[in-house]
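One-letter residues, chain by chain:
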Amino acid sequence: MMSGKKLVISALVLALVQIGFLSWIIAGRAAILRNGKEVLLKVEPVDPRDLLRGDYIILGYEISRLPVKLIANIPAGQLVSENTPIVVRLKPGADGYWHATTAWFGKAPTPATADEADIVGQVAPGWTLDPESTIAPQYGIDRFYLPEGQGMAIQNDMRVRPFGVRIALAASGQAQIKALMDGDKTLFEEPLC
């Protein structure tokens, strides 16, 4: 059995480790928001409420349904996707939103140019890799929490006019939502922590 002093020291060490881990997560997210390349993606709503955490919108993007024909390195004879990372190269369009131009399973063979950006996602196993089909990569930017009582109104507004999400991309392609946009107007912006 531990003595009272050893128990207190063990509890303090455990608390410091937990605080350090949480600080590391927050600092990493803040670094992406502060220093990442900004990209604007057009969004469409899916669901407005989480009973435990309040109002939110689940966001779908044009790049959430990626045409298989954009994937440049599908191995010969592979008919179905495996659980694999995917890099999607984005380029700004005339409409101000960024659109997918090409994609690769694993890593991009060349770095993005100054007018491009790469976002990294994950493809689940089982997607058909027929050139006429689409896959649904996950990028980790599919949910945005809102102040209480505003989710349903924003979801309804999204059905009648364009909304976007400004994201920040780390050099690694990891994405963080920076702001929810109603046209050119910033509705909500994530704090830098």
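A. Geometry of the overall build of the chain. In terms of helices and strands, the chain carries 2 helices and 12 strands. The order of helices and strands in the chain, counted from the N terminus, is α-β-β-β-β-β-β-β-β-β-α-β-β-β. When each of the 193 residues of the chain is scored for burial, the buried share is 37%. Here the analysis covers contacts within the chain between residues at least 6 apart in sequence; of these, 64% occur between residues at least 24 apart. About 11,200 Å² of surface is accessible on the chain, with carbon and sulfur atoms providing 61% of the total.

B. Local environment of the pairing of strand β11 (residues 175–182). In terms of burial, β11 is a largely internal element, 8 of the 8 residues being buried. Where strand β10 (residues 163–169) lies against β11, 7 bridges are found, and the strand directions are antiparallel. Note that in β11 the partner of phenylalanine 163 across the bridge is aspartate 182. The antiparallel pairing of β10 with β11 creates a hairpin that spans 5 residues between the two strands, and glycine 173 there sits at a positive phi of about 95°. Taken together, the 4 bridges between β11 and strand β12 (residues 185–189) define a ladder with antiparallel strand orientation. If you follow aspartate 182 over to β12, its bridge partner there is lysine 185.

C. Highlighting the sheet that holds strand β5 (residues 84–92). Reading across from one edge, β6-β5-β7 is the order of the 3 strands in this open sheet, with antiparallel pairing throughout. If you trace the sheet from one side to the other, it starts and ends with β6 (98–105) and β7 (117–123), each paired once. Within this sheet the neighbouring strands show an average axis-to-axis angle of 30°, counted without direction. By the bridge criterion, 7 bridges tie β5 to β6 in an arrangement that is antiparallel. Note on β6: the bridge partner recorded for isoleucine 86 is phenylalanine 105.

D. Region of the structure containing the nonpolar core. Counting 35 residues, the largest nonpolar core has Ile119, Ile167 and Leu180 as the members making the most contacts within it. Put simply, the parts of the chain that give this core at least two residues each are β1 (37–45), β3 (54–61), β5, β6, β7, α2 (151–158), β10 and β11. Examining the composition of this core, we find that 4 residues originate from one element, β10, more than from any other. Among residues more than four places away in sequence, those in contact with leucine 180 are Ile57, Phe144, Leu146, Ile154, Met158, Phe163, Gly164, Val165, Lys185, Thr186, Leu187 and Phe188.

E. Spotlight on a nonpolar patch on the surface. Residues Ile9, Val13 and Val17 make up a contiguous nonpolar surface patch of about 260 Å² in total accessible area. For valine 13, the location among the structural elements is in helix α1 (residues 4–35).

F. Here's a closer look at the side chain of lysine 178. Tracing the chain through its elements places lysine 178 in strand β11. Relative accessible area serves as the criterion here: at 12%, lysine 178 is assigned to the buried category. A distance of 2.8 Å separates a polar atom in the side chain of lysine 178 from a polar atom in the side chain of glutamate 38. Among residues more than four places away in sequence, those in contact with lysine 178 are Leu33, Glu38, Arg166, Ile167, Ala168, Phe188, Glu189 and Glu190.

Cut-offs applied
Residues numbered from 1 in each chain as written. Predicted model: local features only at pLDDT ≥ 70, side-chain atom pairs only at ≥ 80, totals over all residues. Heavy atoms only, no water. Helix = DSSP H or I, 4+ residues; strand = E, 2+ residues; numbered from the N terminus. Buried < 20%, exposed > 50% of the residue type's maximum accessible area, 1.4 Å probe, protein only. Contact = heavy atoms within 4.5 Å. Areas by Shrake-Rupley, 256 points an atom, 1.4 Å probe, with all protein chains shown as cover. Pairing = 2+ DSSP bridges. Axes fitted to C-alpha atoms, helices over the stretch in contact; angles between N-to-C directions. Core = buried A, V, L, I, M, F, W, Y, C linked by side-chain atoms within 4.5 Å. Patch = residues over 30% accessible without salt bridge, like charges linked within 9 Å, V, L, I, M, F, W, Y side chains within 5 Å. Salt bridge = Lys/Arg side-chain N within 4 Å of Asp/Glu carboxyl O. Polar contact = N/O pair within 3.5 Å; in protein donor to acceptor, adjacent residues only side chain to side chain.

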